Protein chains: 4
Amino acid sequence: MAAAGSRRVPRAERERQMLDAAVATFARRGYRAASMDGIAEAAGVSKPLVYLYLNSKDELFSACIRREAAALTAAVRDAVQDGATPEVQLRSGLLGFFEHTAAHPDGWTILYSQARTVGEPFAAEVAALRAEIVDFVAALIAAACGSQEVAGYAHALVGAAESLAGWAASSPSADRSPKDLAATLMTLAWSGLATAVPPAPAS
Amino acid sequence: MAAAGSRRVPRAERERQMLDAAVATFARRGYRAASMDGIAEAAGVSKPLVYLYLNSKDELFSACIRREAAALTAAVRDAVQDGATPEVQLRSGLLGFFEHTAAHPDGWTILYSQARTVGEPFAAEVAALRAEIVDFVAALIAAACGSQEVAGYAHALVGAAESLAGWAASSPSADRSPKDLAATLMTLAWSGLATAVPPAPAS
Amino acid sequence: MAAAGSRRVPRAERERQMLDAAVATFARRGYRAASMDGIAEAAGVSKPLVYLYLNSKDELFSACIRREAAALTAAVRDAVQDGATPEVQLRSGLLGFFEHTAAHPDGWTILYSQARTVGEPFAAEVAALRAEIVDFVAALIAAACGSQEVAGYAHALVGAAESLAGWAASSPSADRSPKDLAATLMTLAWSGLATAVPPAPAS
Amino acid sequence: MAAAGSRRVPRAERERQMLDAAVATFARRGYRAASMDGIAEAAGVSKPLVYLYLNSKDELFSACIRREAAALTAAVRDAVQDGATPEVQLRSGLLGFFEHTAAHPDGWTILYSQARTVGEPFAAEVAALRAEIVDFVAALIAAACGSQEVAGYAHALVGAAESLAGWAASSPSADRSPKDLAATLMTLAWSGLATAVPPAPAS
DNA sequence: TATGAATGAGCTTTCATTCAT
DNA sequence: CATGAATGAAAGCTCATTCAT
């Protein structure tokens, strides 16, 4: 598991190696059960070096969360087609989400499962990220349907997406490609919402 | 905090006290961060007694999971009206789910957040419970719509329900009563599914 | 070194054993260089037991200081003859001091050498003890001589006593008994060298 | 805090910077608590350079002790007026001692407090220095009084001087100038309290 | 002359777990 | 039925020290 650690690596790269190892370890064992010894070994360095660069277990975990959160939001943001209709934006955003979580399962595990259970500093960080996503989805729904009572639908949609991402990760198969997942969720949601929240007055 | 532990309590009662304390502690601190000292103190008994009755931290946590899982499934099962249409069954099942999770937030936290992150023996236990629920939902969808491609929809629905339960727990307000949550989800899902998966021709 | 630790000792006695071992270890190695492992071994118990009873290295050291300070002040207080003249009180107090420091060199080392160098919580504790003694001596001098400018003399006397105690401890010999030390210091202080050691005849 | 470390400083100058930083750090934190990192940073150089010049923490501390001890003995020696009477020599030596310790409190702390508590190599070094001073004082007393039983008085005098130096350092005020301290101690020692502070009524 | 990169060893502290009563 | 006394093992963190440049 330990990377064939070539000696004398510049700091930036070493830090990346350490974060990679930490994300993998935290994802597999959880925050508390993961040991700094284990992370250092997985990174192919000695423990003091991890402390020299990342300061503490808390800060290391926080750095992992921030990196993975930034990567996930960037992936979704990049996937969304800016000028498109809300429906297309939501579909492409979901596609980006499913593609990123499939490509980075450890990062997704940290954000979705681990960070929420550790306690305040981290749970709040991740809750804020999730709230941002929920708000984004809510805005898309509101734009499409002209209703204000969309918070519940947004929360439901986000939860459904999380569940599907976990499903695909737990037992990957051909018909659970990101594209399929996005299609399933769009079908379920968009047609449901169309009936549920009838378009504004004009109709 | 410690329950007014009167001496000489019969075993069944003591075990219930311990499980109550353990569920609360595990929910608030997580499996690893919860200490047997803390649980014993919260239960109002000495630590060796916890070991005498529950044998180990692992078994104690497992007992918590089994008790809370049984309570949750019983609540849902009792809520479902047996002879009704799939739609009514699903709606009443969701109502039971939301009512139980709102009434037992610690139990829900253990099942949904903590048990999944601890590692193998427990994650599998909870995954089995969840799979059962997903299958139940899938069966209802299939019964209603006559399609076989329902696994994705079932996973999405369950995830949406989990998300709504967490939403209600995190910031309770008037318009997030179990009944409202169930209505929101039924609206989103059932109308969506109606369009997505057209009813079998015969019906 | 480890006491032949009979198993299952009541808490009060174990705590005394631990404090004995800690005082000896702190005196010989200093606060920082002393390890909790070493102290536990010297006490004939395992390290967790030391933490269970004394909580932390800081609190352990603090408990040592308090015990030794109390013992020293009690020894001096008991030695002083209450109704006597200031001179007799000072002489008997010094005798008590020299006897106690000679009988408990480790305690004296902790108070005089170690506690002052560790840093604020402890240095202040010991400084307060010393100030008390200085004030007591100052009061005796003032009572005997009717002067107010006695603080300097009191500090000098206390420092002289500390030095003599260290001298006796570092190289004990027959003519450095507590009684001799007290006599030397009383002579110096009460009569001055000029009187005590009459100048050589020729001069 | 870090000296404005201009590059390419000659070795002697750099070593002085390092010793200055080390003396200050050792005085404030103690030998064990002071870290080589902290000393290097305080000196404005990198840690390897400290090792290149001073070899190890032990040697660095030893160099500090030797420098400060040499400075103190030089200050006292220079203050003593060579041809004068023992009494004048002692008074001027004390004046030099109090002036030097007041001017170099960190150096004094290292010699008086820290070096004695660290353990053998250093304690012995400082003990030798102190023995030298005690012998010098003893010789003066013997020369003045013609007695051989002066070791106790010399130890008492040195301890009194140390105490007064610490008193002046801990709470400096107008009437604790080096000159005042020397006067107080000379009065006490040379005439004794009885003579120095004549009883109130009779006078 | 001077430093960024790196580590072996040791420290304090905590925890699950077990006897003896 | 119930507990005070006790510990092996491991975790987070720090430090003196070195090497390659």
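The name given to chain A in an unreviewed UniProt entry is Transcriptional regulator, TetR family, with Actinacidiphila paucisporea as the source organism.

A. Region of interest: the overall build of chain A. For chain A, the count of helices and strands is 9 helices and 0 strands. Helices (α) and strands (β) of chain A occur, in sequence order from the N terminus, as α-α-α-α-α-α-α-α-α. Principal-axis analysis of the C-alpha atoms places the extent of chain A at approximately 70 × 35 × 30 Å. Residues classed as buried in chain A amount to 48% of the 203 residues present. Look at the contacts in chain A between residues 6 or more apart in sequence, and 67% of them connect residues 24 or more apart. Here chain A displays about 9600 Å² of accessible surface, and carbon together with sulfur accounts for 56% of that area. Between the mean site of the 18 positive side-chain charges and the mean site of the 21 negative ones, chain A shows a separation of 9 Å.

B. The arrangement of the protein's contact with DNA strand E in detail. Taken together, 38 residues sit near DNA strand E, with Arg-8 and Pro-48 of chain A, Lys-47 and Lys-57 of chain B together with Tyr-51 of chain C positioned nearest. Considering the 4 Å shell around the protein, atoms of DNA strand E inside it are sugar or phosphate in 55% of instances. In the environment of DNA strand E, a base oxygen lies 2.8 Å from a nitrogen or oxygen atom belonging to the side chain of Lys-47 of chain C. A distance of 2.7 Å separates a phosphate oxygen of DNA strand E from a polar atom in the side chain of Lys-57 of chain C.

C. Highlighting helix 6 (residues 105-118) of chain D. All names here are of chain D. In a regular helix each residue adds 1.5 Å, so 14 residues correspond to 20 Å; helix 6 covers 19 Å between its end C-alpha atoms and thus fits that length. Along helix 6, the helix axis deviates most sharply at Leu-111, where the bend reaches about 35 degrees. At the C-terminal side of helix 6, Gly-119 shows a positive phi close to 130 degrees.

D. Main features of the environment of Glu-68 of chain A. Residue and element names in this part refer to chain A. Mapped onto the fold, Glu-68 is located in helix 4 (residues 57-79). Considered as a pair, Glu-68 and Gly-107 are 39 residues apart in the sequence and their alpha carbons are 5.5 Å apart. Residues in contact with Glu-68, not counting those within four places in the same chain, are Val-23, Gly-107 and Leu-111.

E. Representation of the UniProt feature "DNA-binding region" (unreviewed entry) in chain A in the model. Annotation from UniProt places "DNA-binding region" (unreviewed entry) at residues 35-54 of chain A. Structurally, residues 35-54 of chain A is divided into 80% helix and 0% strand, and its ends, taken at the C-alpha atoms, are 14 Å apart.

F. Summary view of the interface of chain B and chain A. Contacts between the two partners involve 28 residues from chain B, matched on the other side by 30 residues from chain A. Approximately 2500 Å² of surface area, both sides summed, lies buried where chain B meets chain A, with 67% of it carried by carbon and sulfur atoms. Inspection of the region where chain B meets chain A yields 7 residue pairs in polar contact (both at pLDDT 80 or more). Broken down by secondary-structure element, the contributors of at least two residues to the side of chain B that touches chain A are helix 6 (105-118), helix 8 (151-170) and helix 9 (178-196) of chain B.

G. Structural context of the protein's contact with DNA strand F. DNA strand F sits among 36 residues. The nearest are Lys-47 and Lys-57 of chain A, Arg-8 and Pro-48 of chain C together with Lys-47 of chain D. Restricting attention to atoms of DNA strand F within 4 Å of the protein, one finds that 58% of them are sugar or phosphate atoms. At a separation of 3.1 Å, a phosphate oxygen of DNA strand F approaches a polar side-chain atom of Tyr-51 of chain D. A distance of 2.6 Å separates a phosphate oxygen of DNA strand F from a polar atom in the side chain of Lys-57 of chain D.

H. Geometry of the environment of Thr-184 of chain A. The topology assignment puts Thr-184 of chain A in helix 9 (residues 178-196). Contacts of Thr-184 of chain A, omitting those with residues within four sequence positions, involve Gly-152 and Tyr-153 of chain B.

I. Representation of the arrangement of the chains. Summarising the chain contacts, 2 pairs of chains touch, and the pair with the most contacts is chains C and D. Considering only C-alpha positions, the minimal separation of the non-contacting chain B and chain C is 12 Å. A gap remains between chain B and chain D, with no contact made and the closest C-alpha atoms lying 31 Å from each other.

J. Expanded view of the packing of helix 1 (residues 11-29) of chain C against helix 4 (residues 57-79) of chain C. Residue and element names in this part refer to chain C. Closest axis-to-axis distance for the helix 1/helix 4 pair is 10 Å, and the angle between their directions is 90 degrees. When the axes of helix 1 and helix 4 are compared, the pair comes out roughly perpendicular. Where helix 1 abuts helix 4, its residues Arg-16, Leu-19, Asp-20, Ala-22, Val-23 and Phe-26 lie against Lys-57, Leu-60, Phe-61, Ala-63, Cys-64, Arg-67 and Glu-68. Looking at side-chain class alone, the contact of helix 1 with helix 4 contains 8 nonpolar, no polar and 5 charged residues.

K. Representation of the pattern of salt bridges in the model. Applying the stated criterion across every chain yields a total of 34 salt bridges over all chains. Residues Glu-68 of chain C and Arg-67 of chain C are paired through a salt bridge, measuring 3.3 Å at the closest nitrogen-oxygen approach. Residue Arg-67 of chain C is classed as partly exposed on the basis of its relative accessible area of 27%. Taken together, the shared-partner salt bridges in this structure form one network comprising Glu-13, Arg-16, Asp-20, Arg-67 and Glu-68 of chain B.

L. Representation of helix 2 (residues 36-43) of chain D in the model. All names here are of chain D. The complete set of buried residues in helix 2 reads Met-36, Ile-39, Ala-40 and Ala-43. Axial view of helix 2: buried residues confined to an arc of 100 degrees, hence all on one face. In this structure, the buried side of helix 2 is in contact with helix 1 (11-29), helix 3 (47-54) and helix 4 (57-79). Positive phi shows up at Gly-44, right after helix 2, with a value of about 75 degrees.

M. Seen up close, unusual backbone geometry. Residues other than glycine seldom take positive phi values, yet Asn-55 of chain A does so here, at roughly 75 degrees. Assignment of secondary structure puts Asn-55 of chain A in the loop between helix 3 (47-54) and helix 4.

N. Broad picture of the packing of aromatic side chains. One pass over the full model with this rule turns up 32 aromatic pairs over all chains. Taken together, the ring pairs connect Phe-26, Tyr-31, Phe-61 and Phe-122 of chain A into an aromatic cluster. The aromatic ring of Tyr-31 of chain B is capped on one face by Lys-57 of chain B, whose charged end is 4.8 Å from the ring centroid.

O. Here's a closer look at the packing of helix 1 of chain D against helix 3 of chain D. Residue and element names in this part refer to chain D. Contact pair helix 1 / helix 3: the axes reach a minimum separation of 11 Å and the direction vectors enclose 110 degrees. Looking at the two axes, helix 1 sits roughly perpendicular to helix 3. Within the contact between the two elements, helix 1 uses Arg-11, Arg-14, Glu-15 and Met-18 and helix 3 uses Leu-49, Val-50, Leu-52, Tyr-53 and Leu-54. Within the contact of helix 1 with helix 3, the residues separate by chemical class into 6 nonpolar, no polar and 3 charged.

P. Region of the structure containing a positive patch on the surface. The grouping of Arg-29 and Arg-32 of chain A together with Arg-29 and Arg-32 of chain B at the surface amounts to a positive patch. With respect to the element layout, Arg-29 of chain B can be found in helix 1 (residues 11-29).

Q. Representation of the relation of the copies chain B and chain A. By a simple turn and slide, chain B fits onto chain A: the slide is 0.1 Å along the axis, the RMSD is 0.3 Å, and the turn is 179 degrees. The relationship between the two copies is best expressed as a two-fold rotation axis. A symmetric contact is evident, with 100% of the interface residues of chain B recurring at the interface of chain A.

About the cut-offs
Residues numbered from 1 in each chain as written. Chains lettered and ligands numbered in written order. Predicted model: local features only at pLDDT ≥ 70, side-chain atom pairs only at ≥ 80, totals over all residues. Heavy atoms only, no water. Helix = DSSP H or I, 4+ residues; strand = E, 2+ residues; numbered from the N terminus. Buried < 20%, exposed > 50% of the residue type's maximum accessible area, 1.4 Å probe, protein only. Contact = heavy atoms within 4.5 Å. Areas by Shrake-Rupley, 256 points an atom, 1.4 Å probe, with all protein chains shown as cover. Lys, Arg positive; Asp, Glu negative; His and termini not counted. Charge placed at Lys NZ, Arg CZ, Asp CG, Glu CD. Near = heavy atom within 4 Å. Polar contact = N/O pair within 3.5 Å; in protein donor to acceptor, adjacent residues only side chain to side chain. Expected span 1.5 Å × (residues − 1). Bend = angle between axes of the 7 residues up to and from the residue. UniProt positions renumbered as here; feature names shortened; annotations may be inferred. Buried area = accessible area lost by both parts, 1.4 Å probe. Axes fitted to C-alpha atoms, helices over the stretch in contact; angles between N-to-C directions. Parallel < 35°, antiparallel > 145°, perpendicular 65-115°, else oblique. Nonpolar A, V, L, I, M, F, W, Y, C, P; charged D, E, K, R; others polar. Salt bridge = Lys/Arg side-chain N within 4 Å of Asp/Glu carboxyl O. Arc of directions from axis to C-beta. Phe/Tyr/Trp six-rings, centres within 6.5 Å; stacked < 30°, edge-to-face > 60°. Lys NZ or Arg CZ within 6 Å of the ring centre and 35° of its normal. Patch = residues over 30% accessible without salt bridge, like charges linked within 9 Å, V, L, I, M, F, W, Y side chains within 5 Å. Least-squares fit on C-alpha atoms with pLDDT ≥ 70 in both.

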